[in-house]
Amino acid sequence: MAIEIKKIYIDYVGYKDKEVLINGWVRNNRSQKEFGFIDLNDGTTLETVQVVYEAQTLENFKEVSKFRVGSSIVVKGVLVLTPQMKQPFEVKAKEIILEGDSLDDYPIQPKRHSREFLRENAHLRVRTNLFNAVFRVRSVVSFSIHKFFQERGFVYLHAPIITASDAEGAGEMFQVTTLNGKQPEENYSNDFFGKKANLSVSGQLQAEAYALAFKNVYTFGPTFRAENSNTTRHASEFWMIEPEIAFADLKDDMALAEAMVKYIIKDLFQTCESELKFFDQFVEKGLIDKLRKVLESKFAVVTHKEAIDILFANSKDFDVKPEHGKDLATEHEKFLTKFFNGPVFVIDWPKEIKAFYMRMNEDNETVAAMDLLVPGSGELIGGSQREERLDYLEKRINELGIDDKDLWWYKDLRKYGGCKHAGFGMGLERMIMYVTGIDNIRDVLPFPRTPKKCEF
Ligand code: 4AD
Ligand code: MG
């Protein structure tokens, strides 16, 4: 069995002068007349192993010296410590076998490639250090999120992916149908589900039902939005984490969000130290400092009204003029995170720009909602206390002209043991962008789906 390169790096002194078997992909191959060097990476770490091969000792020296970048190989050799060199050790090859050749037109050559170019080669870009680091962090953060909630006794709910309720109002939806245009519009009785069905934009409403049985639950799954907005922060398919907590208000909700964000970052310092160093060096200078500060800070809190006042008072040259009662533009979010020099909760939003289920405040103008804004990613989290009073809820549904026939079960939750409850949603990709410094959501999704892009 071959040894993982990561394992060797952890204890290379222990392998001193021992024979090792390693495999991986050729990152680089520099050969001269009598000897050559292969940089070998096996994906288990960002580090490569330098494999040295010599004409005198290697039977197939000629062949090996022509191995191309991207080929997969198996190497048997002796590990030698090299304290005077850049790498702490190298492997002197006794045997090198080609497992899979790589053709001359392999796109990932050892030079700098643009992110756009790599995006077009999403199936191969993962073999670069950058994307190896990004997607390892994505994996680790996902696990970390599960740990956070499981340690606190939250129940993991798999919310449905196909749904018939357009209740969220979170944006355009992808329709799920087997009619294929054979049916007159708006008649779905012959459709697969006998009604109009869509891919879910959020698992929140179902999570509320479960929270009112388990007290604390969370969803973590794919989410779909058909907005035709080509921004660096929106994808058509993304992953969302939605905790929902019973007998809890907006303050509890914010405390949970803050604890979760800090937990993820703290965990990352322990599990992905070399990846963070890599991002700090090549993607966002000062990233590690930024994340350390987050751990030590208490997140700022401002009301929407205060936020608009701050925008008015501090800057005049926004493209979009900040306005009371209106949503925050990206440039406003950016300014606010700079102003507070870190994450900031904006709470108590005008009811007109928020969803029907958010709890009405006493002023009858604003709702108990919160957005957590962070530098770089903008809105990382959106959440609220839910309207648990049936009469208030029905009033909002009517005011907004929402067809409530699909919401009967949601209203039941207010009829049978309803209680104060709250929750939020965090886009996983926004979190990954925040902790890696990557500025385009397409580069933190394995195979991104955005308008006109559904390759691979
Ligand atoms: O603010 P949103 O739309 O809130 C909800 O869906 C609520 N049901 C959440 C809840 O209270 N349970 O979305 C929540 C988060 C956003 O803050 C953002 O991080 C992410 O989901 N998000 C997107 N991420 C990538 N691409 C998109 N198109 C996104 N839309 C929202
Ligand atoms: Mg939102």
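This is a predicted model, so every value here is computed, not measured. (Residues numbered from 1 in each chain as written. Chains lettered and ligands numbered in written order. Predicted model: local features only at pLDDT ≥ 70, side-chain atom pairs only at ≥ 80, totals over all residues. Heavy atoms only, no water.)

Asks: Now, about unusual backbone geometry: what can you tell me, with residues and values included?
Replies: If you check the backbone angles, Asp-17 has positive phi at about 60 degrees while not being a glycine. With respect to the helices and strands, Asp-17 occurs in the loop between helix H1 (5–10) and strand E1 (19–31). Unusually for a residue other than glycine, Asp-348 sits at a positive phi of about 55 degrees. With respect to the helices, strands and loops of the structure, Asp-348 is situated in strand E13 (residues 344–350). Taking the relative accessible area as the measure of exposure, Asp-348 reaches 24% and is therefore partly exposed. (Helix = DSSP H or I, 4+ residues; strand = E, 2+ residues; numbered from the N terminus. Buried < 20%, exposed > 50% of the residue type's maximum accessible area, 1.4 Å probe, protein only.)

Asks: Run through the packing of helix H8 (residues 273–282) against helix H9 (residues 287–296), naming residues and quoting values.
Replies: Interhelical geometry of H8 versus H9 gives an angle of 120 degrees and a closest axis separation of 8 Å. By the criterion of interaxial angle, the relationship of H8 to H9 is oblique. Side by side, H8 and H9 meet where Leu-276, Lys-277, Phe-279 and Asp-280 of the first sit next to Leu-287, Ile-288, Asp-289 and Leu-291 of the second. In terms of residue class, the contact of H8 with H9 is built from five nonpolar, no polar and three charged. (Axes fitted to C-alpha atoms, helices over the stretch in contact; angles between N-to-C directions. Parallel < 35°, antiparallel > 145°, perpendicular 65-115°, else oblique. Contact = heavy atoms within 4.5 Å. Nonpolar A, V, L, I, M, F, W, Y, C, P; charged D, E, K, R; others polar.)

Asks: Report on empty space enclosed by the protein, specifying residues and quantitative values.
Replies: Under the counting rule described, the total for this entry stands at two cavities of 30 Å³ or more. Within this model, the second largest cavity holds a volume of roughly 40 Å³. Arg-225, Glu-227, Ser-229, His-234, Ala-235, Ser-236 and Pro-451 together form the lining of the second largest cavity. When its residues are assigned to classes, the lining of the second largest cavity shows two nonpolar, three polar and two charged. (1 Å grid on protein atoms, 1.4 Å probe; cavity = no way out; pocket = protein on both sides within 12 Å on 5 of 7 lines; lining within 4 Å. Points joined across faces, edges and corners; volume = space filled by probe spheres on them.)

Asks: A description of the site of ligand 1 should follow, citing residues and the corresponding values.
Replies: In the vicinity of ligand 1 there are 24 residues, among which Gln-204, Arg-225, Glu-242, Glu-379 and Leu-380 approach most closely. In this structure, a nitrogen atom belonging to ligand 1 sits 2.8 Å away from a side-chain N or O atom of Gln-204. Contact distances for ligand 1 include 3.0 Å between a nitrogen atom and a backbone N or O atom of Ala-235. For ligand 1, whose accessible area on its own is 630 Å², the fraction buried by protein is 92%. Broken down by secondary-structure element, the contributors of at least two residues to the shell around ligand 1 are strand E11 (237–246), strand E15 (378–385) and strand E16 (421–427). For the shell around ligand 1, the leading source of residues is E15, giving five residues. By residue class, the composition of the shell around ligand 1 is eight nonpolar, eight polar and eight charged. (Near = heavy atom within 4 Å. Polar contact = N/O pair within 3.5 Å; in protein donor to acceptor, adjacent residues only side chain to side chain. Areas by Shrake-Rupley, 256 points an atom, 1.4 Å probe, with all protein chains shown as cover.)

Asks: How would you sum up helix H12 (residues 390–399)? Please name residues and give values.
Replies: Among the residues of H12, Leu-393, Arg-396 and Ile-397 are the ones counted as buried. Within H12, the buried residues cover an arc of 100 degrees as seen down the axis, which keeps them to one side. In H12, the exposed positions angled more than 90 degrees off the buried face are occupied by Asp-391, Lys-395 and Asn-398. (Arc of directions from axis to C-beta.)

Asks: Can you lay out the packing of aromatic side chains for me, pointing to particular residues and giving the numbers?
Replies: Going through the model one piece at a time under the given rule, you end up with 23 aromatic pairs. Ring geometry for Phe-278 against Phe-282: centres 4.9 Å apart, planes inclined by 50 degrees, an arrangement best described as tilted. In this pair, Phe-278 and Phe-282 are both assigned in helix H8, four residues apart and thus about one turn of the helix distant. Taking relative accessible area as the criterion, Phe-282 reaches 44% and is therefore assigned partly exposed. (Phe/Tyr/Trp six-rings, centres within 6.5 Å; stacked < 30°, edge-to-face > 60°.)

Asks: Describe in detail the pairing of strand E14 (residues 366–374), supporting the description with residues and values.
Replies: Most of E14 is tucked away, with nine of its nine residues classed as buried. One ladder, built from six bridges, connects E13 with E14; its direction is antiparallel. By the bridge assignment for E14, Val-344 is matched with Leu-373. The antiparallel pairing of E14 with E15 creates a hairpin that spans three residues between the two strands, and Gly-376 there sits at a positive phi of about 90 degrees. (Pairing = 2+ DSSP bridges.)

Asks: Hey, could you go over the environment of Ile-161 for me, with residue numbers and the actual values?
Replies: Note on placement: Ile-161 falls in the loop between strand E6 (155–157) and strand E7 (162–163). Its relative accessible area of 38% is what places Ile-161 among the partly exposed residues. On a C-alpha basis, the gap between Ile-161 and Ser-202 in space is 8.8 Å, while along the polypeptide they are 41 residues apart. Discounting residues that sit within four places of it in the chain, Ile-161 has contacts with Asn-198, Leu-199, Ser-200, Pro-222 and Phe-224.

Asks: I'd like to hear about the pattern of salt bridges, residue by residue, with values.
Replies: The full count for this structure, using the stated rule, is 33 salt bridges. In this structure, Glu-244 and Arg-386 form a salt bridge, with 2.8 Å as the shortest nitrogen-oxygen distance. With Glu-244 in strand E11 and Arg-386 in the loop between E15 and H12, this pair connects stretches of sequence that are 142 residues apart. The buried category is assigned to Glu-244, whose relative accessible area is 1%. Ionic contacts of the salt-bridge type, sharing partners, join the residues Glu-208, Glu-244, Arg-386 and Arg-414 into one network. (Salt bridge = Lys/Arg side-chain N within 4 Å of Asp/Glu carboxyl O.)

Asks: Account for the sheet that holds strand E9 (residues 197–199), naming residues and giving values.
Replies: With respect to topology, three strands assemble into an open sheet ordered E7-E9-E8, the strand pairing being antiparallel. A strand with exactly one partner marks an edge of an open sheet, and here the two such strands are E7 and strand E8 (175–176). By the bridge criterion, two bridges tie E8 to E9 in an arrangement that is antiparallel. Across the sheet, residue Val-176 finds its bridge partner in E9, namely Ala-197.

Asks: Pulling in residues and values, what's your account of the pairing of strand E10 (residues 216–224)?
Replies: The element E10 is largely enclosed, with a buried count of seven among its nine residues. Relative to E10, E6 is paired through three bridges, and the arrangement is parallel. Bridge pairing in E10 places Leu-157 opposite Thr-219. With nine bridges joining them, E10 and E11 adopt antiparallel strand pairing. Its bridge partner being in E11, Thr-223 is matched across the sheet by Phe-238.

Asks: Please set out the layout of surface pockets residue by residue, giving values where relevant.
Replies: What the largest pocket holds in volume is close to 1,600 Å³. In terms of lining residues, the largest pocket is bounded by 47 residues, among which Arg-27, Leu-46, Glu-47, Asn-129 and Phe-278 are the most central. Broken down by secondary-structure element, the contributors of at least two residues to the lining of the largest pocket are H1, E1, strand E2 (35–41), helix H3 (115–120), helix H5 (129–151), helix H7 (250–271) and H8. It is H8 that provides the largest number of residues to the lining of the largest pocket, a total of seven residues. By residue class, the composition of the lining of the largest pocket is 17 nonpolar, 17 polar and 13 charged.

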